[in-house]
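# Observations on the three-dimensional arrangement
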Amino acid sequence: MSPEPKVSREQVLDALRGVEDPELHKSIVDLDMVKDIQITDGRVNVTALLTISACPLRETIVTSIRDRVRSLPGVGEVDVTLGVMDPQERQALITKLRGGAASPTRRSSFLTPESPVRVITIASGKGGVGKSTVTVNLAIALTQMGHKVGIIDADVYGFSIPRMLGMRGRPTMIDQMVVPLEKHGIRVMSIGFMLPDETDAVVWRGPMLHKALTTFINEVHWGDDLDYLLLDLPPGTGDVSITIAQTLPQTHMVIVTTPQAAAVSVAQRAARMADKVNIEVMGIIENMSYFQAAPDQPPIYIFGRGGGQRLAEVQGVPLLGEIPLDPAIREGGDEGTPITLSAPDSPVAKAFRTTADKLIRRLPVPVA
Amino acid sequence: MSPRMPTPVEVGSIVGKTFRITWSDGHRSTCSWKALRLACPCAHCRGEWADGRTVDPSSIREDVHPMRIERVGAYALQPTWWDGHNTGLYTFHMLRFELCECVECTAARSARAAR
(Lines give C-alpha, C1' and ligand atoms only; values in the text may rest on other atoms or scores of the structure.)
Protein backbone atom coordinates (compact mmCIF):
# COMPACT_ATOMS: atom_id res chain seq x y z
CA MET A 1 0.00 0.00 0.00
CA SER A 2 1.34 3.42 -0.91
CA PRO A 3 1.83 5.80 2.00
CA GLU A 4 -0.87 8.47 2.42
CA PRO A 5 0.20 11.79 0.93
CA LYS A 6 1.28 14.24 3.60
CA VAL A 7 -0.31 17.64 3.66
CA SER A 8 1.97 20.63 4.26
CA ARG A 9 1.41 23.85 6.14
CA GLU A 10 1.79 25.75 2.85
CA GLN A 11 -0.94 23.69 1.23
CA VAL A 12 -3.30 24.43 4.10
CA LEU A 13 -2.47 28.13 4.00
CA ASP A 14 -3.05 28.13 0.26
CA ALA A 15 -6.44 26.51 0.72
CA LEU A 16 -7.33 29.09 3.34
CA ARG A 17 -6.68 31.88 0.82
CA GLY A 18 -10.00 30.87 -0.69
CA VAL A 19 -11.86 31.55 2.56
CA GLU A 20 -13.27 35.06 2.65
CA ASP A 21 -14.39 36.97 5.66
CA PRO A 22 -18.12 37.19 4.89
CA GLU A 23 -18.32 40.81 5.96
CA LEU A 24 -15.02 42.24 4.81
CA HIS A 25 -14.97 40.35 1.49
CA LYS A 26 -11.28 39.59 1.64
CA SER A 27 -9.35 36.38 2.16
CA ILE A 28 -8.77 35.57 5.83
CA VAL A 29 -5.12 35.01 4.95
CA ASP A 30 -4.79 38.52 3.56
CA LEU A 31 -6.55 39.87 6.62
CA ASP A 32 -3.98 38.15 8.88
CA MET A 33 -6.76 36.24 10.56
CA VAL A 34 -4.99 32.88 10.34
CA LYS A 35 -2.86 32.71 13.45
CA ASP A 36 -1.62 29.14 13.52
CA ILE A 37 -1.73 25.86 11.60
CA GLN A 38 -0.80 22.57 13.31
CA ILE A 39 -0.65 19.27 11.46
CA THR A 40 -0.36 15.94 13.26
CA ASP A 41 -0.85 12.75 11.25
CA GLY A 42 -3.32 14.24 8.82
CA ARG A 43 -5.21 16.00 11.58
CA VAL A 44 -5.17 19.74 10.95
CA ASN A 45 -5.79 22.37 13.57
CA VAL A 46 -6.36 25.91 12.32
CA THR A 47 -6.38 28.79 14.75
CA ALA A 48 -8.20 31.80 13.31
CA LEU A 49 -8.64 35.22 14.87
CA LEU A 50 -11.99 36.95 14.64
CA THR A 51 -12.08 40.73 14.48
CA ILE A 52 -14.52 40.92 17.39
CA SER A 53 -15.69 38.15 19.69
CA ALA A 54 -19.37 38.78 18.90
CA CYS A 55 -18.80 38.21 15.18
CA PRO A 56 -22.28 37.24 13.94
CA LEU A 57 -20.92 35.10 11.13
CA ARG A 58 -18.41 33.00 13.08
CA GLU A 59 -20.12 29.75 12.14
CA THR A 60 -19.86 30.64 8.45
CA ILE A 61 -16.13 31.18 8.84
CA VAL A 62 -15.63 27.92 10.75
CA THR A 63 -17.61 25.92 8.18
CA SER A 64 -15.77 27.35 5.19
CA ILE A 65 -12.36 26.82 6.82
CA ARG A 66 -13.29 23.20 7.58
CA ASP A 67 -14.65 22.53 4.07
CA ARG A 68 -11.64 24.03 2.33
CA VAL A 69 -9.03 22.23 4.38
CA ARG A 70 -10.86 18.91 4.35
CA SER A 71 -10.85 18.91 0.55
CA LEU A 72 -7.04 18.70 0.56
CA PRO A 73 -5.55 15.24 -0.06
CA GLY A 74 -4.18 13.63 3.07
CA VAL A 75 -6.34 15.56 5.50
CA GLY A 76 -8.41 13.61 7.99
CA GLU A 77 -9.92 15.65 10.78
CA VAL A 78 -10.03 19.43 10.79
CA ASP A 79 -10.26 21.35 14.04
CA VAL A 80 -10.87 25.08 14.07
CA THR A 81 -9.94 27.08 17.13
CA LEU A 82 -11.27 30.62 17.22
CA GLY A 83 -9.59 33.49 18.96
CA VAL A 84 -10.12 37.24 18.95
CA MET A 85 -7.77 39.93 17.70
CA ASP A 86 -6.22 42.18 20.29
CA PRO A 87 -6.53 45.97 19.85
CA GLN A 88 -3.18 46.24 18.04
CA GLU A 89 -4.11 43.51 15.61
CA ARG A 90 -7.46 45.21 14.97
CA GLN A 91 -5.81 48.57 14.34
CA ALA A 92 -3.41 46.91 11.91
CA LEU A 93 -6.38 45.35 10.12
CA ILE A 94 -8.24 48.66 9.86
CA THR A 95 -5.11 50.34 8.57
CA LYS A 96 -4.75 47.61 5.97
CA LEU A 97 -8.39 47.91 4.87
CA ARG A 98 -8.06 51.65 4.53
CA GLY A 99 -5.27 51.36 2.03
CA GLY A 100 -2.02 50.55 3.74
CA ALA A 101 0.37 51.74 6.37
CA ALA A 102 1.35 54.79 4.37
CA SER A 103 -2.02 56.39 5.04
CA PRO A 104 -3.64 55.15 8.24
CA THR A 105 -6.07 58.05 8.20
CA ARG A 106 -7.02 57.74 4.55
CA ARG A 107 -10.71 58.28 4.14
CA SER A 108 -13.20 56.36 2.03
CA SER A 109 -12.05 56.42 -1.54
CA PHE A 110 -15.06 58.35 -2.78
CA LEU A 111 -13.97 61.28 -0.65
CA THR A 112 -11.29 62.10 -3.17
CA PRO A 113 -12.23 63.92 -6.38
CA GLU A 114 -10.47 61.17 -8.40
CA SER A 115 -12.41 58.29 -6.85
CA PRO A 116 -13.54 55.59 -9.30
CA VAL A 117 -16.72 54.96 -7.25
CA ARG A 118 -19.72 56.55 -8.92
CA VAL A 119 -21.78 58.21 -6.22
CA ILE A 120 -25.37 58.88 -7.29
CA THR A 121 -27.70 60.82 -5.04
CA ILE A 122 -31.37 60.07 -5.56
CA ALA A 123 -33.27 63.26 -4.80
CA SER A 124 -36.79 64.60 -5.06
CA GLY A 125 -38.53 67.84 -4.32
CA LYS A 126 -41.55 66.58 -2.48
CA GLY A 127 -41.93 63.39 -0.48
CA GLY A 128 -43.91 60.33 -1.42
CA VAL A 129 -42.76 60.10 -5.02
CA GLY A 130 -41.11 56.73 -4.46
CA LYS A 131 -37.48 57.71 -4.09
CA SER A 132 -36.59 54.77 -1.87
CA THR A 133 -38.49 52.34 -4.09
CA VAL A 134 -36.59 53.64 -7.09
CA THR A 135 -33.30 53.44 -5.16
CA VAL A 136 -33.65 49.78 -4.14
CA ASN A 137 -34.89 48.66 -7.54
CA LEU A 138 -32.12 50.54 -9.35
CA ALA A 139 -29.63 48.95 -6.96
CA ILE A 140 -30.97 45.47 -7.76
CA ALA A 141 -30.94 46.21 -11.49
CA LEU A 142 -27.32 47.41 -11.30
CA THR A 143 -26.38 44.29 -9.31
CA GLN A 144 -28.04 42.12 -11.95
CA MET A 145 -25.86 43.85 -14.53
CA GLY A 146 -22.82 42.67 -12.60
CA HIS A 147 -21.96 45.79 -10.63
CA LYS A 148 -21.08 46.04 -6.96
CA VAL A 149 -23.56 48.41 -5.38
CA GLY A 150 -23.91 50.13 -2.02
CA ILE A 151 -26.77 52.17 -0.63
CA ILE A 152 -26.60 54.91 1.97
CA ASP A 153 -30.07 55.49 3.35
CA ALA A 154 -29.69 59.19 4.03
CA ASP A 155 -33.39 59.68 4.69
CA VAL A 156 -32.65 59.75 8.39
CA TYR A 157 -36.15 60.62 9.62
CA GLY A 158 -38.07 58.60 7.07
CA PHE A 159 -35.71 55.67 6.56
CA SER A 160 -37.32 52.77 4.73
CA ILE A 161 -34.53 50.99 2.85
CA PRO A 162 -34.06 48.25 5.51
CA ARG A 163 -37.70 47.22 5.25
CA MET A 164 -37.78 47.38 1.48
CA LEU A 165 -34.80 45.04 1.28
CA GLY A 166 -35.98 42.88 4.18
CA MET A 167 -32.95 43.71 6.30
CA ARG A 168 -32.55 43.52 10.02
CA GLY A 169 -29.68 43.48 12.40
CA ARG A 170 -26.86 45.64 13.49
CA PRO A 171 -23.72 46.43 11.53
CA THR A 172 -20.53 45.00 12.95
CA MET A 173 -18.25 47.60 14.45
CA ILE A 174 -14.54 46.89 14.39
CA ASP A 175 -13.34 49.61 16.72
CA GLN A 176 -14.29 52.82 14.89
CA MET A 177 -14.90 51.10 11.56
CA VAL A 178 -18.45 50.11 10.63
CA VAL A 179 -19.09 47.17 8.31
CA PRO A 180 -22.28 47.65 6.29
CA LEU A 181 -24.97 44.97 6.27
CA GLU A 182 -25.53 43.11 3.04
CA LYS A 183 -28.60 41.70 1.33
CA HIS A 184 -29.18 40.56 -2.25
CA GLY A 185 -25.52 41.44 -2.85
CA ILE A 186 -26.10 45.09 -1.93
CA ARG A 187 -24.19 46.73 0.92
CA VAL A 188 -26.43 48.97 2.95
CA MET A 189 -26.05 51.50 5.71
CA SER A 190 -29.12 53.02 7.33
CA ILE A 191 -29.90 54.78 10.56
CA GLY A 192 -32.54 52.05 10.96
CA PHE A 193 -29.80 49.55 11.85
CA MET A 194 -28.77 51.68 14.79
CA LEU A 195 -32.18 51.99 16.43
CA PRO A 196 -33.65 49.53 18.94
CA ASP A 197 -36.52 48.72 16.61
CA GLU A 198 -37.98 49.79 13.30
CA THR A 199 -40.80 51.87 14.76
CA ASP A 200 -38.45 54.03 16.78
CA ALA A 201 -38.38 57.67 15.74
CA VAL A 202 -35.31 59.75 15.03
CA VAL A 203 -35.94 63.10 16.70
CA TRP A 204 -32.80 64.99 15.94
CA ARG A 205 -31.75 68.48 15.01
CA GLY A 206 -29.41 69.29 12.17
CA PRO A 207 -26.03 68.77 13.86
CA MET A 208 -26.92 65.16 14.83
CA LEU A 209 -28.05 64.42 11.27
CA HIS A 210 -24.79 65.80 10.01
CA LYS A 211 -22.80 63.59 12.36
CA ALA A 212 -24.73 60.45 11.42
CA LEU A 213 -24.29 61.10 7.70
CA THR A 214 -20.59 61.88 7.87
CA THR A 215 -20.13 58.67 9.88
CA PHE A 216 -21.88 56.68 7.14
CA ILE A 217 -19.56 58.24 4.60
CA ASN A 218 -16.28 58.34 6.53
CA GLU A 219 -16.28 55.42 8.92
CA VAL A 220 -18.13 52.75 6.96
CA HIS A 221 -15.97 50.20 5.20
CA TRP A 222 -17.64 50.09 1.77
CA GLY A 223 -14.91 47.91 0.28
CA ASP A 224 -12.53 48.76 -2.50
CA ASP A 225 -14.53 46.91 -5.16
CA LEU A 226 -17.62 49.14 -5.09
CA ASP A 227 -18.81 50.46 -8.47
CA TYR A 228 -21.88 52.48 -7.57
CA LEU A 229 -22.97 54.02 -4.32
CA LEU A 230 -26.60 55.14 -4.31
CA LEU A 231 -27.57 57.72 -1.77
CA ASP A 232 -31.26 57.93 -0.94
CA LEU A 233 -31.80 61.53 0.14
CA PRO A 234 -34.72 62.80 2.18
CA PRO A 235 -37.16 64.94 0.18
CA GLY A 236 -36.36 68.60 -0.25
CA THR A 237 -33.24 70.66 0.19
CA GLY A 238 -32.60 70.55 3.93
CA ASP A 239 -29.78 69.70 6.30
CA VAL A 240 -29.00 66.26 4.94
CA SER A 241 -28.77 67.46 1.35
CA ILE A 242 -26.42 70.23 2.41
CA THR A 243 -24.21 67.80 4.34
CA ILE A 244 -23.98 65.56 1.30
CA ALA A 245 -23.15 68.48 -0.95
CA GLN A 246 -20.45 69.67 1.42
CA THR A 247 -18.91 66.27 2.10
CA LEU A 248 -18.68 64.53 -1.24
CA PRO A 249 -16.20 66.06 -3.69
CA GLN A 250 -17.77 64.23 -6.60
CA THR A 251 -21.34 63.06 -6.94
CA HIS A 252 -24.11 63.03 -9.48
CA MET A 253 -27.81 63.47 -8.95
CA VAL A 254 -30.90 61.75 -10.26
CA ILE A 255 -34.23 63.43 -9.58
CA VAL A 256 -37.35 61.36 -9.03
CA THR A 257 -40.73 62.95 -9.65
CA THR A 258 -44.30 61.91 -10.28
CA PRO A 259 -46.07 63.24 -13.39
CA GLN A 260 -48.32 65.92 -11.88
CA ALA A 261 -47.38 69.59 -12.19
CA ALA A 262 -47.39 70.12 -8.42
CA ALA A 263 -44.65 67.52 -7.99
CA VAL A 264 -42.66 68.70 -10.98
CA SER A 265 -42.41 72.31 -9.84
CA VAL A 266 -41.09 71.21 -6.44
CA ALA A 267 -38.68 68.75 -8.06
CA GLN A 268 -37.23 71.68 -9.96
CA ARG A 269 -35.98 73.10 -6.68
CA ALA A 270 -33.89 70.00 -6.09
CA ALA A 271 -32.33 70.63 -9.50
CA ARG A 272 -31.74 74.25 -8.54
CA MET A 273 -29.93 73.14 -5.41
CA ALA A 274 -27.76 70.76 -7.44
CA ASP A 275 -26.80 73.74 -9.61
CA LYS A 276 -25.83 75.82 -6.62
CA VAL A 277 -23.53 73.17 -5.20
CA ASN A 278 -22.08 72.14 -8.56
CA ILE A 279 -23.60 68.65 -8.67
CA GLU A 280 -24.46 67.43 -12.14
CA VAL A 281 -28.01 66.19 -12.65
CA MET A 282 -27.75 63.01 -14.74
CA GLY A 283 -31.43 62.75 -15.50
CA ILE A 284 -35.01 62.51 -14.34
CA ILE A 285 -36.90 59.36 -13.38
CA GLU A 286 -40.67 59.64 -13.54
CA ASN A 287 -42.34 57.28 -11.09
CA MET A 288 -46.03 56.29 -11.01
CA SER A 289 -46.24 57.27 -14.67
CA TYR A 290 -49.35 55.26 -15.55
CA PHE A 291 -51.37 52.22 -14.59
CA GLN A 292 -52.13 49.38 -16.90
CA ALA A 293 -54.60 46.79 -15.62
CA ALA A 294 -53.57 44.24 -18.26
CA PRO A 295 -51.16 44.24 -21.21
CA ASP A 296 -54.06 44.64 -23.68
CA GLN A 297 -55.67 47.50 -21.73
CA PRO A 298 -54.88 51.15 -22.44
CA PRO A 299 -52.68 52.86 -19.83
CA ILE A 300 -54.44 55.16 -17.38
CA TYR A 301 -52.51 58.30 -16.48
CA ILE A 302 -53.59 58.62 -12.85
CA PHE A 303 -51.27 61.50 -11.98
CA GLY A 304 -51.41 63.21 -15.36
CA ARG A 305 -48.93 62.85 -18.12
CA GLY A 306 -45.59 64.19 -19.24
CA GLY A 307 -44.34 65.85 -16.04
CA GLY A 308 -41.05 63.99 -16.06
CA GLN A 309 -40.51 64.80 -19.71
CA ARG A 310 -41.21 68.49 -19.09
CA LEU A 311 -38.81 68.62 -16.16
CA ALA A 312 -36.14 66.89 -18.24
CA GLU A 313 -36.60 69.47 -21.01
CA VAL A 314 -36.47 72.42 -18.64
CA GLN A 315 -33.28 71.08 -17.05
CA GLY A 316 -31.76 70.03 -20.35
CA VAL A 317 -31.16 66.48 -19.10
CA PRO A 318 -32.51 63.12 -20.30
CA LEU A 319 -35.61 61.41 -18.99
CA LEU A 320 -34.04 58.16 -17.79
CA GLY A 321 -37.22 56.21 -17.28
CA GLU A 322 -40.95 56.10 -16.73
CA ILE A 323 -41.90 53.57 -14.07
CA PRO A 324 -45.53 52.40 -14.20
CA LEU A 325 -47.72 51.99 -11.13
CA ASP A 326 -48.17 48.39 -10.07
CA PRO A 327 -49.45 47.05 -6.74
CA ALA A 328 -46.65 44.46 -6.93
CA ILE A 329 -44.08 47.24 -6.44
CA ARG A 330 -45.63 48.14 -3.12
CA GLU A 331 -45.95 44.49 -2.12
CA GLY A 332 -42.32 43.82 -2.97
CA GLY A 333 -41.28 46.77 -0.81
CA ASP A 334 -43.42 45.67 2.12
CA GLU A 335 -42.17 42.10 1.95
CA GLY A 336 -38.51 43.00 1.54
CA THR A 337 -38.05 41.58 -1.95
CA PRO A 338 -38.08 44.36 -4.54
CA ILE A 339 -40.00 43.58 -7.70
CA THR A 340 -36.90 43.73 -9.87
CA LEU A 341 -35.75 40.65 -7.97
CA SER A 342 -39.02 38.80 -7.40
CA ALA A 343 -40.51 39.34 -10.87
CA PRO A 344 -37.59 40.17 -13.16
CA ASP A 345 -39.71 39.73 -16.29
CA SER A 346 -42.51 42.07 -15.25
CA PRO A 347 -42.92 45.32 -17.19
CA VAL A 348 -41.96 47.26 -14.05
CA ALA A 349 -38.72 45.33 -13.57
CA LYS A 350 -37.93 45.92 -17.24
CA ALA A 351 -38.60 49.63 -16.79
CA PHE A 352 -36.16 49.72 -13.86
CA ARG A 353 -33.53 47.84 -15.84
CA THR A 354 -33.88 50.16 -18.84
CA THR A 355 -33.55 53.11 -16.47
CA ALA A 356 -30.44 51.64 -14.82
CA ASP A 357 -28.97 50.97 -18.23
CA LYS A 358 -29.53 54.54 -19.40
CA LEU A 359 -28.07 55.85 -16.18
CA ILE A 360 -24.83 53.86 -16.36
CA ARG A 361 -24.39 54.69 -20.00
CA ARG A 362 -24.11 58.27 -18.80
CA LEU A 363 -21.95 57.25 -15.84
CA PRO A 364 -19.85 54.25 -16.80
CA VAL A 365 -17.48 52.73 -14.29
CA PRO A 366 -13.98 53.86 -15.26
CA VAL A 367 -11.83 51.10 -16.67
CA ALA A 368 -8.78 50.65 -14.49
CA MET B 1 -23.94 77.56 -11.60
CA SER B 2 -23.43 75.28 -14.51
CA PRO B 3 -22.39 71.70 -13.79
CA ARG B 4 -19.49 72.20 -16.14
CA MET B 5 -18.22 74.87 -13.77
CA PRO B 6 -14.43 74.74 -13.70
CA THR B 7 -12.99 73.40 -10.44
CA PRO B 8 -9.68 74.25 -8.81
CA VAL B 9 -6.87 71.86 -9.63
CA GLU B 10 -4.37 73.73 -7.52
CA VAL B 11 -4.82 76.21 -4.70
CA GLY B 12 -1.83 78.39 -3.91
CA SER B 13 -0.11 78.46 -0.54
CA ILE B 14 -1.58 80.45 2.33
CA VAL B 15 1.82 82.07 2.79
CA GLY B 16 1.81 83.37 -0.79
CA LYS B 17 1.65 87.14 -1.38
CA THR B 18 -1.81 86.77 -2.90
CA PHE B 19 -4.39 84.06 -3.19
CA ARG B 20 -3.96 81.90 -6.30
CA ILE B 21 -6.02 79.20 -7.96
CA THR B 22 -5.31 77.19 -11.09
CA TRP B 23 -8.60 76.03 -12.58
CA SER B 24 -9.45 72.87 -14.46
CA ASP B 25 -9.91 74.95 -17.64
CA GLY B 26 -6.37 76.30 -17.30
CA HIS B 27 -7.33 79.79 -16.10
CA ARG B 28 -5.14 81.18 -13.32
CA SER B 29 -6.91 83.38 -10.80
CA THR B 30 -5.35 85.68 -8.32
CA CYS B 31 -6.89 87.82 -5.59
CA SER B 32 -5.44 89.87 -2.74
CA TRP B 33 -6.01 88.38 0.70
CA LYS B 34 -7.71 91.55 1.87
CA ALA B 35 -10.14 91.61 -1.07
CA LEU B 36 -10.93 87.96 -0.38
CA ARG B 37 -11.61 88.65 3.29
CA LEU B 38 -13.78 91.69 2.46
CA ALA B 39 -15.84 89.56 0.08
CA CYS B 40 -16.68 87.00 2.77
CA PRO B 41 -20.20 85.86 1.92
CA CYS B 42 -21.18 84.56 5.37
CA ALA B 43 -24.29 85.73 7.21
CA HIS B 44 -22.18 87.42 9.85
CA CYS B 45 -20.45 89.60 7.25
CA ARG B 46 -23.33 90.03 4.79
CA GLY B 47 -26.42 89.88 6.97
CA GLU B 48 -28.82 86.99 7.06
CA TRP B 49 -31.05 88.34 4.34
CA ALA B 50 -28.41 89.78 2.03
CA ASP B 51 -29.57 93.26 3.07
CA GLY B 52 -26.62 94.99 1.45
CA ARG B 53 -24.41 94.89 4.51
CA THR B 54 -20.71 94.77 3.71
CA VAL B 55 -17.53 94.37 5.68
CA ASP B 56 -16.01 97.68 6.76
CA PRO B 57 -12.57 97.75 5.06
CA SER B 58 -11.07 99.61 8.02
CA SER B 59 -11.96 96.69 10.28
CA ILE B 60 -9.69 94.33 8.35
CA ARG B 61 -5.92 94.46 8.73
CA GLU B 62 -3.92 95.07 5.57
CA ASP B 63 -1.88 91.92 6.18
CA VAL B 64 -4.88 89.65 6.76
CA HIS B 65 -4.26 86.05 5.69
CA PRO B 66 -5.80 82.64 6.25
CA MET B 67 -4.32 79.84 8.30
CA ARG B 68 -6.03 77.14 6.29
CA ILE B 69 -8.15 76.71 3.17
CA GLU B 70 -10.36 73.67 2.76
CA ARG B 71 -12.47 72.40 -0.07
CA VAL B 72 -16.20 72.05 0.51
CA GLY B 73 -17.89 69.36 -1.58
CA ALA B 74 -17.75 70.08 -5.28
CA TYR B 75 -18.55 73.76 -5.12
CA ALA B 76 -16.66 75.95 -2.67
CA LEU B 77 -13.55 76.76 -0.64
CA GLN B 78 -13.62 77.61 3.04
CA PRO B 79 -10.77 79.70 4.45
CA THR B 80 -10.07 79.88 8.15
CA TRP B 81 -8.69 83.40 8.70
CA TRP B 82 -5.93 84.25 11.13
CA ASP B 83 -8.53 85.40 13.71
CA GLY B 84 -10.48 82.13 13.44
CA HIS B 85 -13.28 83.51 11.25
CA ASN B 86 -14.27 80.59 9.02
CA THR B 87 -17.96 80.83 8.27
CA GLY B 88 -17.61 81.99 4.67
CA LEU B 89 -17.99 79.44 1.90
CA TYR B 90 -16.59 80.98 -1.29
CA THR B 91 -18.25 79.25 -4.22
CA PHE B 92 -16.11 78.37 -7.22
CA HIS B 93 -18.37 80.66 -9.26
CA MET B 94 -17.60 83.58 -6.99
CA LEU B 95 -13.86 82.91 -6.97
CA ARG B 96 -13.65 82.45 -10.70
CA PHE B 97 -16.07 85.09 -11.99
CA GLU B 98 -16.47 87.75 -9.30
CA LEU B 99 -13.25 87.96 -7.31
CA CYS B 100 -10.56 87.05 -9.83
CA GLU B 101 -8.15 89.97 -10.14
CA CYS B 102 -6.05 88.63 -13.00
CA VAL B 103 -5.34 91.11 -15.81
CA GLU B 104 -7.85 89.52 -18.15
CA CYS B 105 -10.75 89.40 -15.66
CA THR B 106 -10.06 92.91 -14.34
CA ALA B 107 -10.11 94.29 -17.87
CA ALA B 108 -13.31 92.43 -18.72
CA ARG B 109 -15.00 93.74 -15.58
CA SER B 110 -14.02 97.34 -16.15
CA ALA B 111 -15.19 97.08 -19.77
CA ARG B 112 -18.59 95.84 -18.53
CA ALA B 113 -18.76 98.62 -15.95
CA ALA B 114 -18.01 101.25 -18.61
CA ARG B 115 -20.87 100.08 -20.76
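First, a word on scope: everything that follows refers to the structure included in this document. Position numbers for residues count from 1 along each chain, tracking the sequence in the order it is written. Chains and ligands are labelled by the order in which they are written, letters from A for the one and numbers from 1 for the other. Local features in this predicted model are restricted to residues whose pLDDT is 70 or higher, and side-chain atom pairs enter the listing and the counts only when it is 80 or higher, whereas totals over whole chains, interfaces and linings include all residues. Heavy atoms from the whole structure form the basis of all side-chain values; hydrogens and water molecules are not counted.

### A word on the overall build of chain B
Note the following rule: Only DSSP runs of H or I reaching four residues or more are called helices, and only runs of E reaching two or more are called strands; each is numbered from the N terminus. Throughout, the radius of gyration refers to the C-alpha atoms, and the reference size of a globule is 2.2 Å times the residue count to the power 0.38. With a 1.4 Å probe rolled over the protein chains alone, any residue whose accessible area is under 20% of its type maximum counts as buried; one over 50% counts as exposed, and the rest are partly exposed. In this description, contact between two residues means that some pair of their heavy atoms is separated by no more than 4.5 Å. Areas reported as accessible are Shrake-Rupley estimates using a 1.4 Å probe. Residue values count occlusion only from the protein chains shown. In this tally Asp and Glu are treated as negative and Lys and Arg as positive; neither His nor the chain ends contributes. Charge placement uses NZ in Lys and CZ in Arg. For Asp and Glu, CG and CD serve respectively.
Within chain B one finds four helices and six strands. Reading chain B from its N terminus to its C terminus gives the helix and strand order β-β-β-α-α-β-β-β-α-α. On C-alpha atoms alone, chain B measures out to a radius of gyration of 14 Å, which is about the 13 Å that the 2.2 N^0.38 rule sets for 115 residues. Dimensions along the principal axes, computed over C-alpha positions, put chain B at roughly 35 × 35 × 30 Å. Each of the 115 residues in chain B was classed as buried or not, and the buried ones make up 38%. Put simply, 40% of the contacts in chain B that link residues at least 6 apart link residues at least 24 apart. For chain B, the accessible surface area stands at approximately 6700 Å², while carbon and sulfur atoms represent 54% of it. Between the averaged position of the 15 positive side-chain charges in chain B and that of its 12 negative side-chain charges there is a distance of 5 Å.

### A closer look at the pairing of strand β3 (residues 78-84) of chain A
Residues and elements named next belong to chain A. Our working definition: Strands were regarded as paired on the criterion that DSSP finds at least two bridges between them. Crossover handedness is defined by viewing with both strands directed away from the observer: a clockwise path from the first strand over the helix to the second marks the crossover as right-handed.
Relative to β3, strand β2 (residues 43-50) is paired through seven bridges, and the arrangement is parallel. Across the sheet, Val44 pairs through a bridge with Val78, a residue of β3. In this region the chain leaves β2, passes through helix α2 (residues 58-70) and returns to the parallel neighbour β3; the handedness of that crossover is right-handed.

### Section: the environment of Pro113 of chain A
With respect to the element layout, Pro113 of chain A can be found in the loop between α3 (87-97) and β4 (118-123). Assessed through its relative accessible area of 43%, Pro113 of chain A is described here as partly exposed. Sequence separation between Pro113 of chain A and Ile300 of chain A is 187 residues; the distance between their C-alpha atoms is 44 Å. Setting aside its immediate chain neighbours within four residues, Pro113 of chain A contacts Pro249 and Gln250 of chain A together with Arg71 of chain B.

### A few points about α3 of chain A
Residues and elements named next belong to chain A. Here is the rule: Between N or O atoms, a polar contact is any pair within 3.5 Å; within protein, one atom must be a potential hydrogen donor and the other a potential acceptor, and residues adjacent in sequence are included only when both atoms are from side chains.
Among the residues making up α3, those that are buried are Arg90, Leu93, Ile94, Thr95 and Leu97. Turning to α3, the residues buried within the fold contact β3, β6 (172-174) and β7 (177-179). The distance from a side-chain oxygen at the start of α3 to the backbone nitrogen of Gln88 is 3.1 Å, and the residue carrying that oxygen is Asp86.

### Quick word on the environment of Met288 of chain A
Residue and element names in this part refer to chain A. Here Met288 lies in strand β12 (residues 280-291). Sequence-wise, Met288 and Val149 are 139 residues apart; in three dimensions their C-alpha atoms are separated by 24 Å. Ignoring anything within four residues of it in the chain, the contact list for Met288 reads Gly128, Val129, Gly130, Thr258, Pro259, Phe303, Ile323 and Leu325.

### Section: unusual backbone geometry
All names here are of chain A. Phi at His25 takes a positive value of approximately 55°, unusual for a residue other than glycine. Overall, His25 belongs to the partly exposed group, its relative accessible area being 24%. Of note in this structure, Asp32 is not a glycine but carries a positive phi near 55°. Checked against the element boundaries, Asp32 lands in the loop between α1 (9-16) and β1 (34-40).

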